[in-house]
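Inside the fold
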Amino acid sequence: MTGRIHSIESFGTVDGPGVRLVVFLQGCPMRCLYCHNPDTWKIGGGTEMSADDILKRYEENQAFYAKGGITVTGGEPLVQIDFVTELFETAKSRHIHTCLDTSGITFCPGSPESIRRFDRLIRVTDLVMLDIKQIDPEAHKHLTGQSSEPILAFARYLDEKSTPVWIRHVVVPGITYKQDLLYRLGRFVGTLHNVQALDVLPYHDMGKAKYQKLGLPYSLEKVKPLGKEEARTARQIILQGIRDERRVSLSLNSCLQP
């Protein structure tokens, strides 16, 4: 089996623990207004590579990955779920730590076939970096062009599987940088028991040049990047939501004790 690869970064340091080989897969059904990789959207583009081709790249610099591993991102890597599964199964057979960076948009909880394929992938996935774009359903459709239901269902599925998760959330002025939305996101994350980290990422506009090159309009032309202090504030609001949700949960559990 081969996958369609957009690009490979040999020494990634922000895509999971340690230094990692980061594989960007081609293809994405989302159209996030702030996406800085619109060149990964097209389904069927990229360069064809096999799992062995990619792991050969890993092994060339294996000494640098002692505390790291391999991360697959995109685009949306789950568009090519069968290839990612084969890559991770091969990686695990070589004792390589595997990380999946995804929005979970392709998850279909009502389909036994979808669940079967996801079960097989998750068995060989050490960590999921789950990108929750927007907690409000209608605002999510406006921001990404897709429903948020598969993403939240995937988060709950990972919780049931006890798969370690890092939550990622991009904070955009005027769109997701709103106290009620951030707090609601925290309350949702607080219902999960497998979350190990929370990455709050400030919006930046460094992808503008790619849109110009591709002849695409950039919808957030007038939106200024979010400052570091604002990103810290956003993170605190989310954390407060998490704490409040867990406090309520503990109180309910206590009330239910005989």
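Read on for an overview of the structure. (Residues numbered from 1 in each chain as written. Predicted model: local features only at pLDDT ≥ 70, side-chain atom pairs only at ≥ 80, totals over all residues. Heavy atoms only, no water.)

Tracing the backbone shows His-140 in helix α4 (residues 137-144). Looking at His-140, the relative accessible area reads 1%, which means it is buried. In this structure His-140 touches Met-30, Lys-133, Gln-134, Gly-145, Gln-146, Ser-147, Ser-148 and Ile-151, once residues within four positions along its chain are discounted. (Helix = DSSP H or I, 4+ residues; strand = E, 2+ residues; numbered from the N terminus. Buried < 20%, exposed > 50% of the residue type's maximum accessible area, 1.4 Å probe, protein only. Contact = heavy atoms within 4.5 Å.)

As a further point, take the packing of aromatic side chains. Counting across every chain of the model gives eleven aromatic pairs. Arranged with centres 6.4 Å apart and planes meeting at 80 degrees, the rings of Phe-118 and Tyr-157 form a pair that is edge-to-face. Here Phe-118, found in helix α3 (residues 112-122), pairs with Tyr-157, found in helix α5 (residues 149-160); they are 39 residues apart in sequence, far enough to count as distant. The burial state of Phe-118 is the same as that of Tyr-157; both residues are buried. Aromatic ring contacts, followed pair by pair, group Phe-11, Tyr-58, Phe-64 and Tyr-65 into a single cluster. (Phe/Tyr/Trp six-rings, centres within 6.5 Å; stacked < 30°, edge-to-face > 60°.)

In this section: the pattern of salt bridges. Within the structure shown, the criterion is met by 19 salt bridges. A single network of salt bridges, built from pairs that share partners, joins Asp-15, Asp-101, Arg-168 and Asp-199. (Salt bridge = Lys/Arg side-chain N within 4 Å of Asp/Glu carboxyl O.)

Here the largest pocket is characterised by a volume of approximately 800 Å³. Considering the residues around the largest pocket, the lining is formed by 29 residues, among which His-36, Asn-37, Asp-101, Asp-131 and Arg-168 are closest to the centre. The set of elements that each furnish at least two residues to the lining of the largest pocket consists of β5 (98-102), β7 (165-171) and β8 (195-202). (1 Å grid on protein atoms, 1.4 Å probe; cavity = no way out; pocket = protein on both sides within 12 Å on 5 of 7 lines; lining within 4 Å. Points joined across faces, edges and corners; volume = space filled by probe spheres on them.)

Contact geometry of helix α2 (residues 81-93) with α3 gives a least axis separation of 9 Å together with a crossing angle of 25 degrees. Classed by the angle they form, the pair α2 and α3 counts as roughly parallel. As for the relative orientation of α2 and α3, their crossing is left-handed in sense. Contacts between α2 and α3 involve Ile-81, Asp-82, Val-84, Thr-85, Phe-88 and Glu-89 from the first element and Arg-117, Phe-118, Arg-120 and Leu-121 from the second. Split by residue class, the contact of α2 with α3 holds five nonpolar, one polar and four charged. (Axes fitted to C-alpha atoms, helices over the stretch in contact; angles between N-to-C directions. Parallel < 35°, antiparallel > 145°, perpendicular 65-115°, else oblique. Left-handed = near helix turned anticlockwise from the far one by under 90°. Nonpolar A, V, L, I, M, F, W, Y, C, P; charged D, E, K, R; others polar.)

Time to look at the pairing of strand β1 (residues 2-12). Look at any regular strand and the pattern is simple: side chains alternate between the two faces of the sheet. As paired elements, β1 and strand β3 (residues 47-50) share four bridges and run antiparallel to each other. Across the sheet, residue Gly-3 finds its bridge partner in β3, namely Met-49. Judged from the five bridges that link them, β1 and strand β2 (residues 20-25) form a sheet pairing that is antiparallel. Its bridge partner lying in β2, Ile-5 is registered against Leu-25. (Pairing = 2+ DSSP bridges.)

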